[in-house]
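Residues per chain are reported as follows:
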Amino acid sequence: MQSSQNGASVAPVDTDAQALAERVGEAMFARDEASRMLGMHIDAMAPGYARVSMPVRDDMVNGHKTCHGGLIFSLADSAFAFACNSGNHNTVGAACNVDYLRPAFAGDVLVAEAEQRSRSGRTGVYDVTVRNQNDETVVLFRGRAHQVRGDVLDVMAS
């Protein structure tokens, strides 16, 4: 068994599925100007899983001198997108719920870990936990994804 960042056991991954997830993540990230503009980086990809990090820059804080909630949401949403597309099926967000638990500040490094909880037919449910460099939970995000037509890598090739 492998372990996720929070120490939970994760089933071993089929190496073909793992390689596909990594290729999908690389291809999506290469075209994701928004995530790159925000300084995000994919730290890990696996089937139904993504870990994405983002340093909080000075230009990301709001009038309270805390990281703008929309930017933390963007990090969680990007991790969600990478995780739900990891099987190479075009998948989009259908709904989500976000709980902001503590602030983040300039200089923090946030890490969003997205994990598939359920997949049935064309619908999946994913949980994303955003933590700071002290392993404190900043945001909890639950997203529902819906598979649409096409494959990610085919779309990326065109």
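The sections below set out a description of the structure shown in this document.

Parameters and conventions
Residues numbered from 1 in each chain as written. Predicted model: local features only at pLDDT ≥ 70, side-chain atom pairs only at ≥ 80, totals over all residues. Heavy atoms only, no water. Helix = DSSP H or I, 4+ residues; strand = E, 2+ residues; numbered from the N terminus. Contact = heavy atoms within 4.5 Å. Phe/Tyr/Trp six-rings, centres within 6.5 Å; stacked < 30°, edge-to-face > 60°. Buried < 20%, exposed > 50% of the residue type's maximum accessible area, 1.4 Å probe, protein only. Pairing = 2+ DSSP bridges. Axes fitted to C-alpha atoms, helices over the stretch in contact; angles between N-to-C directions. Expected span 1.5 Å × (residues − 1). Polar contact = N/O pair within 3.5 Å; in protein donor to acceptor, adjacent residues only side chain to side chain. Salt bridge = Lys/Arg side-chain N within 4 Å of Asp/Glu carboxyl O.

It is worth spelling out the side chain of Thr-91 at this point. Inspection of the secondary structure puts Thr-91 in strand β5 (residues 89-100). Ignoring any residue separated from it by four or fewer positions in sequence, one finds Thr-91 in contact with Cys-84, Asn-85, Arg-119, Ala-145, His-146, Gln-147 and Val-148.

Okay, the packing of aromatic side chains next. For any pair of aromatic rings, the description consists of the separation of the ring centres together with the inter-plane angle of the planes. The tally for this structure, following the rule as stated, stands at 4 aromatic pairs. Centre to centre, the rings of Phe-29 and Phe-82 are 6.3 Å apart; their planes meet at 50°, and the pair counts as tilted. Of this pair, Phe-29 sits in helix α1 (residues 15-31) while Phe-82 sits in helix α3 (residues 69-84); the two residues are 53 residues apart in sequence, bridging distant segments of the chain. Overall, the relative accessible area of 18% leaves Phe-29 in the buried class. Overall, Phe-82 belongs to the buried group, its relative accessible area being 1%. An aromatic cluster of three or more residues is present, and its members are Phe-73, Phe-80, Tyr-126 and Phe-141.

Moving on, we come to the sheet that holds strand β8 (residues 137-151). One open sheet accounts for 6 strands, arranged β3-β4-β6-β7-β8-β5; its pairing is antiparallel. Whereas interior strands pair on both sides, the edge strands pair on one side only; in this sheet they are β3 (41-46) and β5. Each strand axis lies, on average, 20° off the axis of its neighbour in the sheet, ignoring direction. Direction of pairing for strand β7 (residues 123-131) relative to β8: antiparallel, over a ladder of 9 bridges.

Before going further, it helps to examine α3. Between its first and last C-alpha atoms α3 spans 22 Å; for 16 residues at 1.5 Å apiece the expected length is 22 Å, and the two agree. For α3, the set of buried residues is Leu-71, Ile-72, Leu-75, Ala-76, Ser-78, Ala-79, Phe-80, Phe-82, Ala-83 and Cys-84.

Mapping Asn-85 onto the fold places it in the loop between α3 and β5. At a separation of 2.9 Å, a polar atom in the side chain of Asn-85 contacts the main-chain carbonyl oxygen of Ala-81. At 2.9 Å, the side chain of Asn-85 forms a polar contact with the backbone nitrogen of Thr-91. What Asn-85 contacts, discounting residues up to four positions off in sequence, is Val-24, Met-28, Asn-90, Thr-91 and Val-152.

Along the chain, Met-28 turns up in helix α1. Met-28 sits in the buried class, given a relative accessible area of 14%. In the structure, Met-28 is positioned 57 residues away from Asn-85 in sequence and 8.9 Å away in space, judged by C-alpha atoms.

With that out of the way, let us pick up the pattern of salt bridges. The full count for this structure, using the stated rule, is 6 salt bridges. The shortest N-O distance in the salt bridge between Glu-113 and Arg-131 comes to 3.4 Å. Note that Glu-113 is positioned in strand β6 (residues 109-120) and Arg-131 in strand β7, a separation of 18 residues in sequence. We classify Glu-113 as buried; its relative accessible area is 1%.

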